[in-house]
Amino acid sequence: QVQLVESGGGLVQPGGSLRLSCTLSGSIFSLYVMGWYRQAPGKERELVARINRSGNTVYADSVKGRFTISRDNAKNTVYLQMNSLKPEDTAVYYCNARHWSSQALDAWGQGTLVTVSS
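Note that the coordinates shown come from a computational prediction; the quantities given were computed from them, not determined experimentally.

A. Region of interest: the state of the cysteines. Overall, the coordinates contain one disulfide when judged by the stated rule. The disulfide partner of cysteine 22 is cysteine 95, and the S-S distance across this bridge is 2.1 Å. An S-S torsion of about -85 degrees defines the bridge between cysteine 22 and cysteine 95 as left-handed. Of this pair, cysteine 22 sits in strand S3 (residues 18-25) while cysteine 95 sits in strand S9 (residues 91-99), and the two are 73 residues apart along the sequence. On the accessibility criterion, cysteine 95 (0% relative accessible area) is buried.

B. Broad picture of the sheet that holds strand S1 (residues 3-7). A sheet is described by the order of its strands in space; here four strands give the open sequence S1-S3-S8-S7, paired in antiparallel fashion. Both outer strands of the open sheet, S1 and strand S7 (67-72), are each paired with one neighbouring strand and no more. Taking each pair of neighbouring strands and ignoring which way they run, the sheet shows an average axis angle of 15 degrees. Relative to S3, S1 is paired through five bridges, and the arrangement is antiparallel. By the bridge assignment for S3, serine 7 is matched with serine 21.

C. Highlighting the pattern of salt bridges. Enumeration over the complete set of coordinates arrives at three salt bridges. One salt bridge in this structure joins arginine 38 and glutamate 46, with 2.9 Å as the shortest N-O distance. A residue is classified by how much of its surface remains accessible, and arginine 38, at 5% relative accessible area, is buried. Accessibility expressed as a relative area gives 35% for glutamate 46, which makes it partly exposed. In this structure, the salt-bridge partner of arginine 66 is aspartate 89, at a minimum N-O distance of 2.8 Å. Taken together, the residues span a long stretch of sequence, with arginine 66 in the loop between strand S6 (57-59) and S7 and aspartate 89 in the loop between strand S8 (77-82) and S9 at a distance of 23 residues. Given a relative accessible area of 0%, aspartate 89 falls into the buried group. Salt bridges here are not isolated pairs; linked through shared partners, they connect Arg38, Glu46, Arg66 and Asp89.

D. Structural context of unusual backbone geometry. With a phi close to 55 degrees, asparagine 76 is a non-glycine residue in the positive phi region. Exposure remark for asparagine 76: the relative accessible area of 26% places this residue in the partly exposed category.

E. Layout of the nonpolar core. Counting residues in hydrophobic clusters, the biggest one holds 29 residues, and the most contacted among them are Met34, Trp36, Leu80, Met82 and Tyr93. Contributions of two or more residues to this core are made by S3, strand S4 (32-39), strand S5 (46-51), S7, S8, S9 and strand S11 (112-116). With near-sequence residues (within four places) excluded, leucine 80 lies in contact with Leu18, Arg19, Leu20, Trp36, Val48, Ala49, Phe67, Thr68, Ile69 and Tyr93.

Criteria and cut-off values
Residue indices follow the written sequence of each chain, beginning from 1 at its first position. Given that this is a predicted model, residues contribute local features only at a pLDDT of at least 70 and side-chain atom pairs are listed and counted only at 80 or more, while totals for whole chains, interfaces and linings are drawn from all residues. To get the side-chain values, all heavy atoms of the structure are used, and hydrogens and water are removed first. Whenever a pair of cysteine sulfur atoms sits within 2.5 Å, that pair is classed as a disulfide. Each helix corresponds to a stretch of at least 4 residues labelled H or I by DSSP, and each strand to a stretch of at least 2 residues labelled E; elements are numbered beginning at the N terminus. In this scheme, a residue with accessible area under 20% of its type's maximum is buried, one over 50% is exposed, and one in between is partly exposed, where area comes from a 1.4 Å probe on protein chains only. Only when DSSP finds a minimum of two bridges between them are two strands counted as paired. To define axes, lines are fitted to C-alpha atoms, for helices over the stretch in contact only, and angles between the resulting N-to-C directions are given on a 0 to 180 degree scale. Within this document, salt bridges are pairs made up of a side-chain nitrogen of Lys or Arg and a carboxyl oxygen of Asp or Glu, the two lying within 4 Å of each other. Residue types Ala, Val, Leu, Ile, Met, Phe, Trp, Tyr and Cys, when buried and joined through side-chain atoms within 4.5 Å, form a set referred to as a nonpolar core. In what follows, residue pairs with any heavy atoms lying within 4.5 Å of each other are defined as contacts.

Quick look at the structure:
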């Protein structure tokens, strides 16, 4: 089975930066569209960013220009570089892997908490 392990969350001040990492095991990394989602307290989980095999990316309007998603196929790892963090970015961030050929083949990371506060 596909497993995703996340790291990089923590407490930062507004305007600071964090880099999240997510490593896939148990399958072929290059066959998956990778994404980052987040869920703030009392709110619905939302897409933050995603990247496909070709390197094409999409971002939520709320993070565009501040966050960058990237992938390293040699390391089976997807990253989310978060700059200029705002308190409203506070959430649990989840890594997602979706097989390019099947909506049924989805895997989720355990979640990593990002808290932006002074």
